[in-house]
Amino acid sequence: MKMDHTTLKIPAFLRKAFPDSCQEAEEVLQATGYELLIPDHFLRQIKACGEKGLFRQVWPHSGELAESPYFTTDPLQEQAPATRKNGTVHLLQKYSGRALLLTTSQCFGNCRFCFRRHLRKEELFHPDENAFSQEIQQMATDSSLHEIILSGGDPMTLTDTVLESLLRRLAEIPHLRRIRFHTRVVSFCPERVSEKLLKILQKSPQTLSFVLHINHPAELSQESRQAIAKLHQNGILLLQQAVLLRGINDSVDVLATLYEKLADENVVPYYLHQLDRVAGATHFEVPVEEGGKLLTELRKRLPGYAVPRYVREIPGEMSKLPVPSPPYNPGEK
């Protein structure tokens, strides 16, 4: 499906492909206003493998209508003035030494559990090559910043022209040593990793890393693995993060398969996130006790380098916080 942020009805070809859940999905779209957006590659992968763990990530569900006082429209308080660096619109600073640039509101697809699903509606923007002047000026005047995280939306939806302009201006800031991309590109649009894109990335004097958001092993299609290989061959550090999601990856077998496959592709598991409590995602939450047990089992099955950190983000904290594992009982077999 082409990227379209006004899609609140189910297109005919999707009605034909998924007839059993279309009425429910359309009611959810109308009630929430959070658009249906499924990238072509991801849709092909759903059809090819029939994996519900992919389908549920992007298809509207009546659980989105459930309300809870603990689930809010801004769970990480990114709209708080203290988070917006010196009043800039798109530059956030929550942690020491690094800041996050919201590069675009555009994504390749709309994940139904996205913690910015409400913020993106409020801040639709599509930058050109002259964007972010105020934010870059703030970065340049703060010598404590050593790393910039490019997020959004998805920074890989930027055109080559805009991305090249942004990286060129970041290269002129001497104290910036690292640039990190947070992206779903290899799962949603692996063809975006083109030779032209790689040449743009190669020009950057800073160390580049990609944190690939991959929640399920079925996302690692042949095309996705090829995109990963291209990034790896160009010397880019590849990390992976996932969100622990009810009915999608809350299984030892699914997670172990995912992390084994990532290790085979030279991708280091980085974070397994406890779900950010965004309104509309209550049905995705896995209790932390269950998550802790999953991590305990993963450590029994996998080498340490293939086991991610299980973390949650709490507004106001200076870093992501580890989620405790079940208490250790020396007498337990």
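Our structure's up above, just so we're on the same page.
Because the structure is predicted, anything quoted here is derived from the model rather than measured.

A.B. asks: Is there a simple way to think about the pattern of salt bridges in this case?
C.D. replies: Opposite charge on two side chains permits pairing when their charged atoms draw close. Per the stated rule, a full pass over the model turns up 18 salt bridges. Linking Glu64 and Arg117 is a salt bridge whose minimum nitrogen-to-oxygen distance equals 3.0 Å. Placement of the pair is Glu64 in the loop between helix H4 (52-58) and strand E1 (91-95) and Arg117 in the loop between strand E2 (98-102) and helix H5 (119-122), with a sequence separation of 53 residues. Each member of the pair, Glu64 as well as Arg117, is classed as buried. In this structure, the salt-bridge partner of Glu78 is Lys94, at a minimum N-O distance of 3.5 Å. With Glu78 in the loop between H4 and E1 and Lys94 in strand E1, this residue pair connects regions lying 16 residues apart in the sequence. The class of Lys94 is partly exposed, set by a relative accessible area of 21%. Taken together, the shared-partner salt bridges in this structure form one network comprising Glu78, Lys94, Arg116, Glu313 and Lys320.

A.B. asks: Got a minute to help me understand the side chain of Arg184 in this structure?
C.D. replies: Relative to the helices and strands, Arg184 is located in the loop between strand E4 (178-183) and helix H8 (185-188). Using a relative accessible area of 6% as the deciding quantity, one classes Arg184 as buried. Side-chain polar atoms of Arg184 contact the side chain of Glu219, separated by 2.4 Å.

A.B. asks: Looking at this structure, I do not really get unusual backbone geometry. What am I missing?
C.D. replies: Between Gly152 and Gly153 the backbone carries a cis peptide bond, its omega angle lying at 25°. In this structure, Gly153 sits in the loop between strand E3 (147-151) and helix H7 (160-171). Residue Phe132 is not a glycine yet carries a positive backbone phi of 70°. Here Phe132 is to be found in the loop between H5 and helix H6 (133-141). Judged by its relative accessible area of 6%, Phe132 is buried. Even without being a glycine, Asn266 presents a positive backbone phi close to 65°.

A.B. asks: Mind showing me how you'd approach the nonpolar core here?
C.D. replies: General note: in soluble globular proteins, nonpolar side chains tend to be found buried as a group. Within the largest apolar cluster, 93 residues are counted, with the highest numbers of intra-cluster contacts made by Trp59, Met139 and Phe181. The next biggest cluster of nonpolar side chains, apart from the first, holds five residues, and it includes Val211, Leu239, Tyr271 and Val311.

A.B. asks: Is there a simple way to think about the environment of Cys114 in this case?
C.D. replies: Assignment of secondary structure puts Cys114 in the loop between E2 and H5. Once the C-alpha coordinates of Cys114 and Val243 are considered, the two residues, 129 residues apart in sequence, prove to be 9.7 Å apart.

A.B. asks: Honestly, the sheet that holds E2 in this entry has me stumped. Any pointers?
C.D. replies: Sheet strands pair by backbone hydrogen bonding; their relative direction is either parallel or antiparallel. Strand order in the open sheet formed by nine strands is E1-E2-E3-E4-E5-E6-E7-E8-E9, and the pairing between neighbours is mixed. In this open sheet, the two edge strands, each paired with only one partner strand, are E1 and strand E9 (321-322). Bridge count for strand E6 (residues 237-243) against strand E7 (residues 268-273) is five bridges, and the pairing is parallel. Residue pairing across strands places Leu239 opposite Val268, the latter belonging to E7. Strand contacts of H6: E1, E2 and E3, with the helix running at about 40° to E1, the strand carrying the most contacts.

A.B. asks: Just checking my understanding: could you explain the pairing of E1 for this structure?
C.D. replies: As a general feature of sheets, a regular strand has side chains that alternate between the two faces. In the sheet, E1 pairs with E2 via three bridges, with the strands oriented antiparallel. Bridge pairing in E2 places Leu91 opposite Leu101. A loop of two residues connects E1 with E2, the two strands running antiparallel in sequence, and Gly97 in this loop sits at a positive phi of about 85°.

A.B. asks: Any chance you could explain the state of the cysteines here in plain terms?
C.D. replies: By definition, a disulfide links the sulfur atoms of two cysteines through a covalent bond. Inspection of every chain in the model, using the stated rule, returns zero disulfides. Among the cysteines around Cys114, which has no disulfide bond, Cys107 carries the closest sulfur, lying 6.1 Å off.

A.B. asks: Would you mind going over the environment of Ala306 with me for this structure?
C.D. replies: Looking at the secondary structure, you find Ala306 in the loop between helix H12 (288-301) and strand E8 (309-312). Residue Ala306 is classed as buried on the basis of its relative accessible area of 3%. For the pair Ala306 and Phe132, spaced 174 residues apart in the sequence, the C-alpha separation amounts to 37 Å. Ignoring any residue separated from it by four or fewer positions in sequence, one finds Ala306 in contact with Tyr259 and Pro269.

A.B. asks: It is not clear to me how the side chain of Thr104 should be interpreted in this structure. Could you clarify?
C.D. replies: Looking at where Thr104 falls in the secondary structure, it is placed in the loop between E2 and H5. A polar atom in the side chain of Thr104 sits 2.9 Å from the backbone nitrogen of Gln106. When neighbours within four sequence positions are excluded, Thr104 is seen to be in contact with Phe125, His126, Pro127, Ser151, Gly152, Gly153, Asp154, Pro155, Thr157 and Leu158.

A.B. asks: What am I meant to see in the packing of H7 against helix H9 (residues 195-202) here?
C.D. replies: Closest axis-to-axis distance for the H7/H9 pair is 10 Å, and the angle between their directions is 10°. Judged by the inter-axis angle, H7 sits roughly parallel to H9. Contacts between H7 and H9 involve Asp160, Leu163, Glu164 and Leu167 on the former and, on the latter, Lys196, Leu197, Ile200 and Leu201. When grouped by side-chain class, the residues that make up the contact of H7 with H9 number five nonpolar, no polar and three charged.

Reading guide: rules and limits
Residues numbered from 1 in each chain as written. Predicted model: local features only at pLDDT ≥ 70, side-chain atom pairs only at ≥ 80, totals over all residues. Heavy atoms only, no water. Salt bridge = Lys/Arg side-chain N within 4 Å of Asp/Glu carboxyl O. Helix = DSSP H or I, 4+ residues; strand = E, 2+ residues; numbered from the N terminus. Buried < 20%, exposed > 50% of the residue type's maximum accessible area, 1.4 Å probe, protein only. Polar contact = N/O pair within 3.5 Å; in protein donor to acceptor, adjacent residues only side chain to side chain. Core = buried A, V, L, I, M, F, W, Y, C linked by side-chain atoms within 4.5 Å. Pairing = 2+ DSSP bridges. Contact = heavy atoms within 4.5 Å. Axes fitted to C-alpha atoms, helices over the stretch in contact; angles between N-to-C directions. Disulfide = S-S within 2.5 Å. Parallel < 35°, antiparallel > 145°, perpendicular 65-115°, else oblique. Nonpolar A, V, L, I, M, F, W, Y, C, P; charged D, E, K, R; others polar.

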